[in-house]
Amino acid sequence: MENPTNEWLISAAYGTDCRKRVSPELSAFYSSAVERLWFRLGESFAPSPMPQPVLEVVHSLVARPTVFRSDNSETLVYDQHLGQICNRLTRLALEDAPVQAVDQYVYRLFAQRSFVAGKFRSAALFGLLAKAQSADSWAPSLDSAALVGCSRLVAAQETFILGHELVHSHLSQNKGGPNERVSWYADLMSSVHKAPFHHADFPNVSDPDQIVSVFDQEYADSIRSALQRRGVSDMDIPSKVRKPGETASLLGTRERMAEILSSNSELLEECVCDAFAVIAGSKVLVRHGLNILDVASGAVLALHHLRLIQFLDRVASNRLGIDDIPSLFSLSDSFAQAVARVSMLRAFIVAILVMNKEAEVAQAVHRRLIDLNRIHATVIFDQVLHCMDFPATRSRLGEIPEVAESVEDLEADWKALKSLLGFV
């Protein structure tokens, strides 16, 4: 029997028509994944006093999972649109899509995030901009190998996201006391971080000043690669892309991560959920032919994509400007935590593989995850961070008379606006 309170909450959060576009095939995949993940998580945690969360699949502009809790049950709401976002971003990144294709999709995604934030004028402006660019949009490869590879990574991303939420459910049952798996994770990461965090990245570099220089150069090269995709010459690229001392501070933060985790329970829980989502996901997905490289890659891509959505949400809500980014490297901030979680998860996966005497696999996974970080930054995230000034673009668009008139019409017609954003 359906819970009327949950039905009301789901409709309020995702819209009254949120089930209209749900794919039955994908819904069946999510249901199977949740059941198997819950079983596998039961092997890692003490048996939960509550039953497996009830899964409700929706498809809306919200594109984020939510857990509704009552005294004796939980409902996990998963938005199928999030998987579609992961799919598109994965293909853009891994198929080295041109700048125009990245812009077109990011503008559309920003329009959707603006709609969710209640900024309907911004949603209309960027929706129109994305539509105007769609005539020259890039088509992803139809090569069968590329399609299969992308499908595997998207399945791994969605399984990771579901698993992460299910670990939260397990942990919520034990809020009143210590959890041995949380303690195990913290102890493991403490031992990992007794060695310098950068050791795996630069095993032949030991001098601290040289390490800072290497990281600065890599960071500059990453931004240069992103900007050069837009035809920006070296002459236009700042020689110093970070503030003095910022790299050293970031490296110090990475090496103190175990200490930081011990004093930041929110970040610790997020990292634990990431870690055990990968452990459970690897056991679930092996039956579908995925290996640890697929599972690890999917988990890291999922974190990158969730971080991008979080960034766009902040810009859409006028809570963050491009110039505010350097100040975000404080781990009390959830955006900075999202950055840290990628590093922590990579270190955890490598540590587990080494513990299991799979050193060669650990090296391959580490190299692949580092490559994914660079690919995602160059093709997508650095484009958004350094090249797409949303407030300035919004102002310019609003000054065009024909655009302003169309925006007024769309603001008055939500159905037409949602259709523009891809939701009829």
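What you see is a predicted model, and the numbers here were worked out from it, not measured in a lab. (Residues numbered from 1 in each chain as written. Predicted model: local features only at pLDDT ≥ 70, side-chain atom pairs only at ≥ 80, totals over all residues. Heavy atoms only, no water.)

## Re the overall build of the protein
Applicable threshold: Under the scheme used here, helices are H or I runs from DSSP no shorter than 4 residues and strands are E runs no shorter than 2 residues, and both carry numbers assigned from the N terminus. Per-residue accessibility, obtained with a 1.4 Å probe over protein chains only, is compared with the maximum for each type, and a residue is labelled buried under 20%, exposed over 50%, and partly exposed between these values. Note on contacts: a residue pair is in contact if any heavy atoms of the two residues lie within 4.5 Å. Under the convention used here, a 1.4 Å probe and the Shrake-Rupley method define accessible areas, while residue burial counts only the protein chains that appear.
When its secondary structure is counted, the protein shows 17 helices and three strands. Each of the 424 residues in the protein was classed as buried or not, and the buried ones make up 50%. Taking the intrachain contacts of the protein between residues at least 6 apart in sequence as the baseline, contacts between residues at least 24 apart amount to 75%. Here the protein displays about 19,700 Å² of accessible surface, and carbon together with sulfur accounts for 52% of that area.

## Details of the packing of helix α3 (residues 80–94) against helix α12 (residues 292–316)
Spelled out, the test is: What counts as an axis is a line fitted to C-alpha atoms, over the stretch in contact for a helix, and the angles between N-to-C directions run from 0 to 180 degrees. Angles below 35 degrees are treated as roughly parallel, those above 145 as roughly antiparallel, those between 65 and 115 as roughly perpendicular, and all remaining angles as oblique. Only Asp, Glu, Lys and Arg are considered charged, only Ala, Val, Leu, Ile, Met, Phe, Trp, Tyr, Cys and Pro nonpolar, and every remaining residue, Gly among them, polar.
Following both chains from N to C, one finds α3 and α12 inclined at 105 degrees, their axes separated by 10 Å at the closest point. With respect to their mutual orientation, α3 and α12 come out roughly perpendicular. Where α3 approaches α12, its residues Leu82, Ile85, Cys86, Leu89 and Thr90 are matched on the opposing element by Leu301, His305, Leu306, Leu308 and Ile309. For the contact of α3 with α12, the class distribution of residues is eight nonpolar, two polar and no charged.

## A few points about helix α14 (residues 359–387)
Residues spaced three or four apart along an α-helix face the same direction, because each turn holds 3.6 residues. Under the convention used in this document: Expected span of a helix: the number of residues minus one, times 1.5 Å. Think of it this way: the bend at a residue is just the angle between two axes, each fitted to seven residues, one set ending at that residue and the other starting at it.
The terminal C-alpha atoms of α14, which comprises 29 residues, lie 39 Å apart, in line with the 42 Å expected from a rise of 1.5 Å per residue. Of all the bends in α14, the greatest, near 55 degrees, is centred on Ala377.

## Observations concerning the environment of Leu372
Relative to the helices and strands, Leu372 is located in helix α14. You can call Leu372 buried: its relative accessible area is 1%. The residues touching Leu372, leaving out its near neighbours within four places in the chain, are Leu94, Ser297 and Leu301.

## Overview of the side chain of Ser23
The criterion, for reference: Whenever two N or O atoms come within 3.5 Å, that pair is a polar contact, provided that in protein one can donate a hydrogen and the other can accept it, and provided that, for residues adjacent in sequence, both atoms are side-chain atoms.
Tracing the chain through its elements places Ser23 in the loop between α1 (4–14) and α2 (24–44). Relative accessible area serves as the criterion here: at 17%, Ser23 is assigned to the buried category. There is a polar contact of 3.1 Å between the side chain of Ser23 and the side chain of Glu25.

## Details of the sheet that holds strand β3 (residues 74–79)
Put simply, the rule is: If DSSP finds at least two bridges between two strands, the strands pair.
Reading across the sheet, the three strands line up as β1-β3-β2 and stay open at both edges, with mixed pairing between neighbours. Each edge of the open sheet is held by one strand with a lone partner, namely β1 (54–58) and β2 (66–69). Taking each pair of neighbouring strands and ignoring which way they run, the sheet shows an average axis angle of 20 degrees. α3 rests against β1 and β3 of the sheet, and its axis sits at about 40 degrees to β3.

## Remarks on the pattern of salt bridges
When the charged atoms of two side chains lie near each other, side chains of opposite charge can form a pair. Definition in use: A pair is scored as a salt bridge if a Lys or Arg side-chain nitrogen falls within 4 Å of a carboxyl oxygen belonging to Asp or Glu.
According to the stated counting rule, one finds twelve salt bridges in the structure shown. The residue Asp17 makes a salt bridge to Lys418 at a minimum N-O spacing of 3.8 Å. Separated by 401 residues along the polypeptide, Asp17 in the loop between α1 and α2 and Lys418 in helix α17 (residues 414–420) bring together distant segments of the chain. Residues Asp313 and Arg113 are paired through a salt bridge, measuring 2.7 Å at the closest nitrogen-oxygen approach. With Asp313 in helix α12 and Arg113 in helix α4 (residues 99–116), the pair connects residues that are 200 residues apart, well separated along the chain. An identical accessibility class is assigned to Asp313 and Arg113; each is buried. By sharing partners, the salt bridges in this structure join Glu7, Arg19 and Glu56 into a single network.

## Here's the deal with the pairing of β3
Among the six residues of β3, six are classified as buried, and the element is accordingly described as predominantly covered. Residues Glu74, Leu76 and Tyr78 line one face of β3 and the alternating positions Thr75, Val77 and Asp79 line the opposite face, and both faces are buried. From the end of β2 to the start of β3, which pair antiparallel, there are four residues.

## Structural notes on the packing of aromatic side chains
Short version of the rule: Two rings from Phe, Tyr or Trp (for Trp, the six-membered ring) form a pair when their centres are within 6.5 Å of each other. A pair whose planes differ by under 30 degrees is stacked, one over 60 is edge-to-face, and the rest are tilted.
The full count for this structure, using the stated rule, is 15 aromatic pairs. Ring geometry for Phe29 and Tyr30: centres 5.8 Å apart, planes at 65 degrees, overall edge-to-face. What makes Phe29 partly exposed here is its relative accessible area of 25%. Within the aromatic cluster, the residues linked to one another by ring pairs are Phe45, Trp184, Tyr185, Phe276 and Phe348.

## Digging into a positive patch on the surface
The condition is simple: Any residue with relative accessible area above 30% and no salt bridge may belong to a patch, with like charges joined within 9 Å and the nonpolar Val, Leu, Ile, Met, Phe, Trp and Tyr side chains within 5 Å. All tallies of charge rest on Lys and Arg as positive and Asp and Glu as negative; His and the ends of each chain are not included. Charged side chains are reduced to one point each, which is NZ for Lys, CZ for Arg, CG for Asp and CD for Glu.
On the surface, a cluster of positive charge is contributed by Lys20, Arg21, Arg108 and Lys415. When you line up the elements, Lys415 lands in helix α17. Accessibility expressed as a relative area gives 68% for Lys415, which makes it exposed.

## Description of the state of the cysteines
Short version of the rule: Working definition: a disulfide is two cysteine sulfur atoms within 2.5 Å of each other.
According to the stated counting rule, one finds zero disulfides in the structure shown. With no disulfide of its own, Cys86 lies 10.0 Å from the sulfur of Cys150, the closest cysteine sulfur. For Cys86, a relative accessible area of 1% corresponds to the buried category. You can see Cys273 has no disulfide; the closest cysteine sulfur is in Cys271, sitting 9.3 Å from it.

## Observations concerning the confidence of the model for the protein
We count it as follows: You can read pLDDT as the predictor saying how much it trusts each residue, on a scale of 0 to 100.
For the protein, per-residue confidence averages 82 on the pLDDT scale, and 79% of positions sit at 70 or higher. Confidence scores differ between elements of the protein, with helix α9 (residues 246–255) showing the lowest mean pLDDT of 56 and β1 the highest of 96. The model gives residues 320–331 a pLDDT under 50, and that stretch makes 30 contacts with residues more than four places away or in other chains.

## Comments concerning a negative patch on the surface
Taken together, Glu402, Glu405, Glu408, Asp409, Glu411 and Asp413 make up a surface patch of like negative charges. With respect to the helices, strands and loops of the structure, Glu405 is situated in helix α16 (residues 401–411). A relative accessible area of 53% means that Glu405 is categorised as exposed.

## Considering helix α5 (residues 120–133)
Between the first and last C-alpha of α5 there are 20 Å, a value that for 14 residues agrees with the 20 Å anticipated at 1.5 Å per step. All of the buried residues in α5 are Ser122, Ala123, Ala124, Leu125, Phe126, Gly127, Leu129 and Ala130. Against the buried residues of α5 lie α4, α15 (390–398), α16 and α17.

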